[in-house]
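Below are the chains, spelled out letter by letter.
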Amino acid sequence: DDENSHGISVTWSYATSADPEYAGQMSDSFLINTLSILFRETRTILFHEDNCVATEGDPRITFDLKSEENRRPLTFVSYYQVVNELRPELERALSSKNAELGSLEA
């Protein structure tokens, strides 16, 4: 099988704001390493030359690690985004998956 690896090196400097409007925990920022890959459902159309008939194959989930549509590997997120956007999104996904698994067991 193919094996892929990825390495990065980052140098980063920052300064905190002297403006009280932007200070505090909610404005803390994190630099996180991410790899967001777009998955797509694809279908293959097969054409049979001998009888001039086309057939559609079963749907498959595909992805391309080299696609330019994949997100950059580094992302800045604020504490506010983690608490109010990312964590609720992950909790909804976990709840949905648990419900899906629970319905399969019943």
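Note that the coordinates shown come from a computational prediction; the quantities given were computed from them, not determined experimentally. (Residues numbered from 1 in each chain as written. Predicted model: local features only at pLDDT ≥ 70, side-chain atom pairs only at ≥ 80, totals over all residues. Heavy atoms only, no water.)

Asker: Explain the overall build of the protein residue by residue, including any values.
Answerer: The secondary structure content of the protein amounts to one helix and six strands. Shown N-terminal to C-terminal, the secondary structure of the protein runs as helices and strands in the order β-β-β-β-β-β-α. The 106 residues of the protein split such that 7% are buried. At a minimum sequence separation of 6, the contacts of the protein that also span at least 24 residues come to 59%. When the accessible surface of the protein is summed, it comes to about 9,800 Å², and 51% of that surface belongs to carbon and sulfur atoms. (Helix = DSSP H or I, 4+ residues; strand = E, 2+ residues; numbered from the N terminus. Buried < 20%, exposed > 50% of the residue type's maximum accessible area, 1.4 Å probe, protein only. Contact = heavy atoms within 4.5 Å. Areas by Shrake-Rupley, 256 points an atom, 1.4 Å probe, with all protein chains shown as cover.)

Asker: Lay out a nonpolar patch on the surface with the relevant residues and their values.
Answerer: Taken together, Phe 39, Ile 61, Phe 63 and Leu 65 make up a surface patch of nonpolar side chains, about 440 Å² in accessible area. Within the element layout of this structure, Phe 39 appears in strand β2 (residues 39-42). Phe 39 sits in the exposed class, given a relative accessible area of 54%. (Patch = residues over 30% accessible without salt bridge, like charges linked within 9 Å, V, L, I, M, F, W, Y side chains within 5 Å. Salt bridge = Lys/Arg side-chain N within 4 Å of Asp/Glu carboxyl O.)

Asker: Explain the pattern of salt bridges residue by residue, including any values.
Answerer: Scanning the model with the defined rule gives three salt bridges in all. Between Glu 41 and Arg 43 there is a salt bridge, with the nearest N and O atoms lying 3.2 Å from each other. A salt bridge links Glu 100 to Lys 97, with the nearest nitrogen and oxygen atoms 3.3 Å apart. One end of the pair is Glu 100 and the other is Lys 97, both in helix α1 (residues 79-105) and three residues apart, which spans about a single turn. Overlapping salt bridges bring together Glu 41, Arg 43 and Glu 56 as one network.

Asker: Before we move on, could you go through the packing of aromatic side chains and cite the residues and values that matter?
Answerer: Taken as a whole and assessed by the stated rule, the structure comprises one aromatic pair. Here the aromatic rings of Phe 39 and Phe 63 are separated by 5.1 Å at their centres, their planes lie at 55 degrees, and the arrangement is tilted. Remark: Phe 63 occurs in strand β5 (residues 60-63) and Phe 39 occurs in strand β2; sequence separation between them is 24 residues. Owing to a relative accessible area of 48%, Phe 63 belongs among the partly exposed residues under this scheme. (Phe/Tyr/Trp six-rings, centres within 6.5 Å; stacked < 30°, edge-to-face > 60°.)

Asker: Which residues make up α1, and what are the values?
Answerer: Look at α1: 37 Å from first C-alpha to last across 27 residues, which is about the 39 Å you get at 1.5 Å a residue. Of all the bends in α1, the greatest reaches close to 35 degrees and is centred on Leu 86; the proline Pro 88 follows between one and four positions later. (Expected span 1.5 Å × (residues − 1). Bend = angle between axes of the 7 residues up to and from the residue.)

Asker: So what about unusual backbone geometry? Which residues, and what values?
Answerer: Here Cys 52, not a glycine, exhibits a phi torsion of approximately 55 degrees, which is positive. Positionally, Cys 52 belongs in the loop between β3 (45-48) and β4 (53-56). Overall, Cys 52 belongs to the exposed group, its relative accessible area being 60%.

Asker: I'd like to hear about the side chain of Ser 78, residue by residue, with values.
Answerer: Tracing the backbone shows Ser 78 in strand β6 (residues 74-78). Here Ser 78 falls in the buried class, since its relative accessible area comes to 15%. The residues touching Ser 78, leaving out its near neighbours within four places in the chain, are Met 26, Asp 28, Ser 29 and Phe 30.

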